[in-house]
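Examination of the molecular architecture
Given next are the chains, with one letter for each unit.
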Amino acid sequence: MTMTSAALDRQPPAAPATAERKRWTVAEVQALFEQPFFDLVYRAQQVHREHFDPHAIQRSTLLSIKTGGCSEDCGYCSQSARHDTGLERERLMALEQVLDNARAAKARGATRFCMGAAWRGPKDKDLEPVLKMVREVKKLGLQTCVTLGMLKDGQAEQLAQAGLDYYNHNLDTAPDFYGQVITTHSLQDRLDTLDKVRGVGINVCSGGIVGMGESRPQRAALIAQLANLPTPPESVPINNLVQIPGTPLAGAGQLDPFEFVRTIAAARITMPRSFVRLSAGREQMSDELQALCFMAGANSMFYGERLLTTDNPDADRDDRLFERLGLRAV
Ligand code: SAM
Ligand code: DTB
Ligand code: SF4
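What counts as what
Residues numbered from 1 in each chain as written. Chains lettered and ligands numbered in written order. Predicted model: local features only at pLDDT ≥ 70, side-chain atom pairs only at ≥ 80, totals over all residues. Heavy atoms only, no water. pLDDT = per-residue confidence, 0-100. Contact = heavy atoms within 4.5 Å. Helix = DSSP H or I, 4+ residues; strand = E, 2+ residues; numbered from the N terminus. Buried < 20%, exposed > 50% of the residue type's maximum accessible area, 1.4 Å probe, protein only. Right-handed = clockwise from strand over helix to strand, strands pointing away. Pairing = 2+ DSSP bridges. Near = heavy atom within 4 Å. Polar contact = N/O pair within 3.5 Å; in protein donor to acceptor, adjacent residues only side chain to side chain. 1 Å grid on protein atoms, 1.4 Å probe; cavity = no way out; pocket = protein on both sides within 12 Å on 5 of 7 lines; lining within 4 Å. Sits in = over half its atoms within 2 Å of the grid points. Nonpolar A, V, L, I, M, F, W, Y, C, P; charged D, E, K, R; others polar. Expected span 1.5 Å × (residues − 1). Arc of directions from axis to C-beta. Disulfide = S-S within 2.5 Å. UniProt positions renumbered as here; feature names shortened; annotations may be inferred.

1. Digging into the confidence of the model for the chain
Parts of the prediction with low pLDDT should not have their coordinates interpreted in detail. Residues at a pLDDT of 70 or more form 94% of the chain, whose mean pLDDT is 94. Note that pLDDT drops below 50 for residues 1–17; the model gives that stretch 18 contacts with residues more than four away or on any other chain.

2. Quick notes on unusual backbone geometry
In this model, Asp172 sits at a positive phi of 70°, which is unusual for a non-glycine residue. Position of Asp172 relative to the elements: it lies in the loop between strand E4 (166–168) and helix H7 (175–181).

3. A look at the pairing of strand E8 (residues 275–278)
Of the two faces of E8, the one carrying Phe275 and Arg277 and the one carrying Val276 and Leu278 are both buried. For the crossover from strand E7 (residues 235–240) across helix H10 (residues 257–270) to E8, the handedness is right-handed. Summarising the sheet, E8 and strand E9 (residues 300–302) pair through 2 bridges and their orientation is parallel. What sits directly across from Leu278, in E9, is Met301. Handedness of the β-α-β unit built from E8, helix H11 (residues 287–295) and E9 comes out right-handed.

4. Quick look at the site of ligand 2
The environment of ligand 2 is formed by 13 residues, the closest being Asn170, Asn239, Leu308, Thr309 and Thr310. Leu308 places a main-chain nitrogen or oxygen 3.0 Å from an oxygen atom of ligand 2. When atom positions are compared with the pocket grids, ligand 2 is found to occupy the largest cavity. For the shell around ligand 2, the class distribution of residues is 6 nonpolar, 7 polar and no charged.

5. Considering helix H8 (residues 187–199)
Here H8 is 13 residues long and its end C-alpha atoms lie 18 Å apart, about the 18 Å a rise of 1.5 Å per residue gives. Within the sequence span of H8, burial applies to Leu187, Arg190, Thr193, Leu194 and Val197. Taken end-on, H8 shows its buried residues confined to a sector of 120°, consistent with a single buried face. Facing away from the buried side of H8, by more than 90 degrees, are the exposed residues Asp195 and Gly199. Of the surrounding elements, those touching the buried residues of H8 are helix H6 (155–161), E4, H7, strand E5 (203–205) and helix H9 (216–227).

6. Comments concerning the environment of Ser80
In this fold, Ser80 is placed in the loop between strand E1 (56–66) and helix H4 (95–108). Remark: the alpha-carbon pair of Ser80 and Gly68, spanning 12 residues in sequence, is separated by 6.3 Å. The contact partners of Ser80, leaving out residues within four places of it in the chain, are Cys70, Glu72 and Asp73. From its side chain, Ser80 meets the backbone oxygen of Glu72 in a polar contact 2.6 Å long.

7. A few points about the site of ligand 3
The full set of residues close to ligand 3 is Cys70, Glu72, Cys74, Tyr76, Cys77, Ser80, Ala118 and Trp119. Mapping ligand 3 onto the cavity grids shows that it belongs to the largest cavity. Class assignment for the residues of the shell around ligand 3 results in 6 nonpolar, 1 polar and 1 charged.

8. Quick word on the state of the cysteines
Applying the stated criterion across every chain yields a total of 0 disulfides. Free of any disulfide, Cys205 has its nearest cysteine sulfur in Cys145, 5.2 Å distant. Cys205 sits in the buried class, given a relative accessible area of 2%.

9. Details of the UniProt feature "binding site: [4Fe-4S] cluster" (unreviewed entry) in the chain
As annotated in UniProt, the feature "binding site: [4Fe-4S] cluster" (unreviewed entry) corresponds to Cys70, Cys74 and Cys77 in the numbering used here. In the annotation above, Cys70, Cys74 and Cys77 are the residues that line the largest cavity. Along the polypeptide, Cys74 turns up in the loop between E1 and H4. Discounting residues that sit within four places of it in the chain, Cys74 has contacts with His83, Val181, Ile182 and His185. When you line up the elements, Cys77 lands in the loop between E1 and H4. If we skip the residues at most four places from it in the chain, Cys77 touches His83 and Thr247.

Rendered as structure tokens:
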């Protein structure tokens, strides 16, 4: 069967063989961050053009299928039961409502539909209805992604059998900052889940958050650990902290926006074949800042007016931005 060029655009690039791949030290990634801004962005744009069409941006739409009441204490998150954020808890969404959202996302032009649940990890009885959602969303002709927390033995296999395309599970931050943000599970727990996902052949979506009060070396360490995974993630979401009143991280100092662009550039250079996603925080960014992120190698975004519990730019605003920049959705 021959593939159309549109279908080819949607294929994740083949992961490079480990033998050819460079291992990045934190110092090397830090040295990237320390380059003059234009040198860094220029290099990132060169690397980007070697591997991708610089005008093509992948678009995923998010839906929170189970909101709030999470047992974990992630310091940034509106959905932790331990933070008083005023968020109303919701049970697992009914299949038909999920499908209505998926149809609307497809009609708007998204190619991937990401379903997020505020769980430490799914119980086996929780997984069954999610498997059904994956199968039914796929039938609409969308790629599927879920983010359900930590997986137990056997659960990744079930997701693979349902035909899941991507599993999102972020490393979130540097190993030596992790304990200041999250205490109810460890970074190793997260790495174990990524191993399970990789082991069954599901594409890995893993990135992190910046703007949580981490240092530049810690941002470099986050990027280095993602780039040095046995196989780099096919998709790397870079989130700028959305400060949520009632969470421990509300009131963290604002990150210099150029430092956010530097983080995108470092991800692009160290993971040349991965889709780097300009993720949470776009609502608070100017169009000009987003354009710099695309120039620094971001080639994926969340599309649609809602992330999980917070706002994202309206699709109309994004469509106008694409037009002004000569970008096209894939
Ligand atoms: N419970 C699952 C988990 O923790 O993997 C899935 C949902 S969780 C909300 C997915 C990711 O969203 C987190 O790992 C984090 O990187 C990102 N995220 C959550 N809240 C955020 C915020 N306020 N600002 C930026 N990113 C955030
Ligand atoms: C990711 O890295 N970012 C998305 C997705 N993966 C699941 C979530 C962003 C959440 C932002 C805060 C909120 O809307 O609750
Ligand atoms: Fe729960 Fe995920 Fe939020 Fe952590 S990030 S509190 S695991 S929903």
